[in-house]
Amino acid sequence: MKKWNLKKLLFALVMILVLVVVPLSLYTLLAPKFRVQTFDEEIKVNIGSSFKPNSGSVCYGNFFSCESVQVEEVGEVDTSKTGDYEVKYRYTFEGESMEKEQMVKVLDLEGPTIEVKSEDLTYCPNGKVPDYEILATDNLDGDLTSQVKKEGKDGKIIFSVTDSSGNETRLEKDATEKDDIPPSLILNGDATKYIKKNESYQEEKATSNDFCDGDLSNQIEISGSVDTSKPGEYQIQYKIQDSSGNVMTAIRQVFVYENNNYNAPNGKSIYLTFDDGPGKYTENLLNILKEYNVKATFFVTDQGLTKGYDQMILRAYQEGHTIGLHSNSHSYSIYTNEQTYFDDLYAIQAKVERITGAKSYIIRFPGGSSNTVSESYDGGTKIMSRLTKAVEQRGFRYFDWNIASGDAGETTNTNKIVSNVISSLGNNSTYVVLQHDIKDYSVNAVRSIIEYGLSHGYTFRALTMQSPVVHHHINN
Ligand code: ZN
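On a predicted model such as this, the values are computed, not experimentally measured, just so you know.

(A) Fine view of the overall build of the protein chain. Summing up its helical and strand segments, the protein chain has 8 helices and 31 strands in all. Here the protein chain has a C-alpha radius of gyration of 49 Å; the compact-globule value for 476 residues is 23 Å, and the former is much larger. Seen through its C-alpha atoms, the protein chain measures out along the principal axes to roughly 160 × 60 × 40 Å. Looking at the protein chain as a whole, 42% of its 476 residues qualify as buried. A separation of at least 24 residues holds for 66% of the contacts in the protein chain among residues at least 6 apart in sequence. For the protein chain, the computed accessible surface area is about 25500 Å², with 48% contributed by carbon and sulfur atoms. Taken as two groups, the 48 positive and 65 negative side-chain charges of the protein chain have centres that lie 6 Å from each other.

(B) How the structure looks around the state of the cysteines. Across all of its chains, the model carries 2 disulfides by this definition. Covalent S-S linkage joins Cys 59 and Cys 66, the inter-sulfur distance amounting to 1.8 Å. With the S-S bond torsion at 100°, the cross-link from Cys 59 to Cys 66 turns out right-handed. Judged by its relative accessible area of 7%, Cys 59 is buried. Judged by relative accessible area, Cys 66 falls into the partly exposed class, the value being 30%. One disulfide in the model links Cys 124 with Cys 212; its S-S distance is 1.9 Å.

(C) Layout of the pattern of salt bridges. For the coordinates displayed, the defined rule picks out 20 salt bridges. As a salt-bridge pair, Asp 227 and Lys 230 come within 3.9 Å of each other at their nearest N and O atoms. Residue class for Asp 227 comes out partly exposed when judged on its relative accessible area of 29%. A single salt-bridge network, built from bridges that share partners, covers Glu 72, Arg 90 and Glu 99.

(D) Structural detail: the coordination of the zinc ion. The protein atoms that coordinate the zinc ion are Asp 276 (OD), His 326 (NE2) and His 330 (NE2), at distances spanning 2.1 to 2.2 Å. Motif for the zinc ion, donor spacing along one chain: D-x49-H-x3-H. One end of the pair, Asp 276, is in the loop between strand 24 (268-275) and helix 2 (282-291); the other, His 326, is in strand 26 (residues 322-327), and 50 residues separate them in sequence. Classification of Asp 276 by relative accessible area gives buried; the value is 10%. We classify His 326 as buried; its relative accessible area is 3%.

(E) Looking closely at the sheet that holds strand 6 (residues 83-93). Strands sit in the order 2-7-6-5 across an open sheet of 4 strands; the sheet is mixed. If you trace the sheet from one side to the other, it starts and ends with strand 2 (42-46) and strand 5 (70-74), each paired once. Geometrically, the sheet is characterised by an average inter-axis angle of 30° between neighbouring strands, direction not taken into account. Two strands pair when backbone bridges link them, and strand 2 and strand 7 (residues 96-107) are joined in this way by 5 bridges, in the parallel orientation. Bridge assignment links Asn 46 to a residue of strand 7, and that residue is Leu 107.

(F) Here's a closer look at unusual backbone geometry. Between Gly 277 and Pro 278 the backbone carries a cis peptide bond, its omega angle lying at 0°. Mapped onto the fold, Pro 278 is located in the loop between strand 24 and helix 2. The phi angle at Glu 94 is positive, at roughly 45°, despite the residue not being glycine. With respect to the helices and strands, the residue Glu 94 is situated in the loop between strand 6 and strand 7. For Glu 94, a relative accessible area of 71% gives the class exposed. Phi angles above zero are rare outside glycine, and Lys 382 is one such case at about 55°. Locating Lys 382 in the fold gives a position in the loop between strand 27 (362-363) and helix 5 (383-393). According to the relative accessible area criterion, Lys 382 is partly exposed, its value standing at 45%.

(G) Local environment of the packing of aromatic side chains. Counted under the stated rule, the structure contains 17 aromatic pairs. Consider the rings of Tyr 332 and Tyr 335, whose centres lie 6.3 Å apart with planes at 20°: the pair is stacked. Judged by relative accessible area, which is 26%, Tyr 332 ranks as partly exposed. Overall, Tyr 335 belongs to the buried group, its relative accessible area being 0%. Residues Tyr 431 and Tyr 458 carry aromatic rings whose centres are separated by 6.2 Å and whose planes lie at 75° to one another, so their mutual orientation is edge-to-face. Taken together, the residues span a long stretch of sequence, with Tyr 431 in strand 30 (residues 430-436) and Tyr 458 in strand 31 (residues 458-460) at a distance of 27 residues. Note on Tyr 458: relative accessible area 6%, which makes it buried. Among the aromatic residues, ring-to-ring pairing joins Tyr 332, Tyr 335, Tyr 341, Phe 342, Tyr 346, Tyr 361, Phe 365, Phe 396 and Tyr 398 into one connected group.

(H) Just the nonpolar core, in detail. Judged by nonpolar contacts, the single largest core of 53 residues is most densely connected at Leu 272, Leu 289, Phe 298, Tyr 341, Ile 363, Phe 365 and Ile 450. The element that contributes the greatest number of residues to this core is helix 4 (residues 338-356), accounting for 6 residues. Ranked by size, the runner-up nonpolar core spans 17 residues in total, among them Ile 43, Val 69, Val 77 and Val 87.

Criteria and cut-off values
- Residues numbered from 1 in each chain as written.
- Predicted model: local features only at pLDDT ≥ 70, side-chain atom pairs only at ≥ 80, totals over all residues.
- Heavy atoms only, no water.
- Helix = DSSP H or I, 4+ residues; strand = E, 2+ residues; numbered from the N terminus.
- Rg over C-alpha atoms; globule rule 2.2 N^0.38 Å.
- Buried < 20%, exposed > 50% of the residue type's maximum accessible area, 1.4 Å probe, protein only.
- Contact = heavy atoms within 4.5 Å.
- Areas by Shrake-Rupley, 256 points an atom, 1.4 Å probe, with all protein chains shown as cover.
- Lys, Arg positive; Asp, Glu negative; His and termini not counted.
- Charge placed at Lys NZ, Arg CZ, Asp CG, Glu CD.
- Disulfide = S-S within 2.5 Å.
- Salt bridge = Lys/Arg side-chain N within 4 Å of Asp/Glu carboxyl O.
- Donors = N, O, S within 2.8 Å, 3.2 Å for Na, K, Ca; no water.
- Pairing = 2+ DSSP bridges.
- Axes fitted to C-alpha atoms, helices over the stretch in contact; angles between N-to-C directions.
- Phe/Tyr/Trp six-rings, centres within 6.5 Å; stacked < 30°, edge-to-face > 60°.
- Core = buried A, V, L, I, M, F, W, Y, C linked by side-chain atoms within 4.5 Å.

Just geometry here; none of it tells us what the structure is for.
Spelled out as structure tokens, the structure:
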């Protein structure tokens, strides 16, 4: 039974082969028709390039002989714009025709270019690369320099950038691994600080940035301390080291001062003197002096700017400052002769007495005793040589100065005034400082001058008839 069935099946298979497969194969090989050997259904074209129609290889005939056909294409491709374009090809042979469609994709296939102009390239041990002079441009996107990624590794820096169409360009350059740039170290707050005795010192710390390591602020080592119970100078040291061992240091100077004690035994003394006032800024000045218990000397006048500030003369006097006499008019014509000089001097003396109830005999010549401006008024009579003697004979004492703050024309900068004064201080016993309280930039310098003086062992004093005199050389 089984054997018979197998035979029958085999016979059927052979019959199918002979009747179906063989004729079909013969037909395929022999029947004439359009024969497509090669044809791309889809092709990619770079933007900006010219498009050449690609109809592939199509012929008409059979397996053994195939004749070329007439091809005509339909459709347009704009290669200046990205997009999908359909192109049709019509193949014609003796009245027979066939069409095929092709998708032409206009794409940006061109990556950006990278140009590295810098030489001797280096990179950080962690791969970070400095801002070298580079230029990246793309046919479509234009300048891509800011988007270039850089990484240093294994003796090379790899620059890479990708355009908006996804084309990536990579450029490798030989480079050296190197980090010899120390981190920055910037103190928060003032580099010089003044603290009143027994007030607390607040550590404001510092900020550090390193090219390779980034923000290192919380790794700064801070050493040194401030004992605010002891007046004097202290230093706080700041040190930062980057991962390559580059070190940067900074120092903060802290001065602890005690309020002025003008009864202190003789030592280094500073006599702050203020000419040409009182004026608009005298009240503020008196407030500052009071804060530190500093006594000063005011050489007053009665000229334009001082008008209306008589109350400040009284307040200064009542608060223990010395009211000295500068000039009533502050006009250099007072140097015409002795009479004109003393008329003016007695006028301001009388005014001060009216306000304070006390006669002052402490004076300062306008322009100082060394002035030569008096030569323009005295007719060649050497008025200063005579006046400096005459005032003493009449019971006055005149005081010049040995530190000019620079506020009389040299500068209007408060910091400069401070440095002019404190850089002139040394270990002598008497420093007479010339300032003008009609100038805000000079009054604003007083606090720093006092804090510096107090923390460096100076005592601030007001001039008295017993104070050591500082006299200039007489030039007229
Ligand atoms: Zn003056």
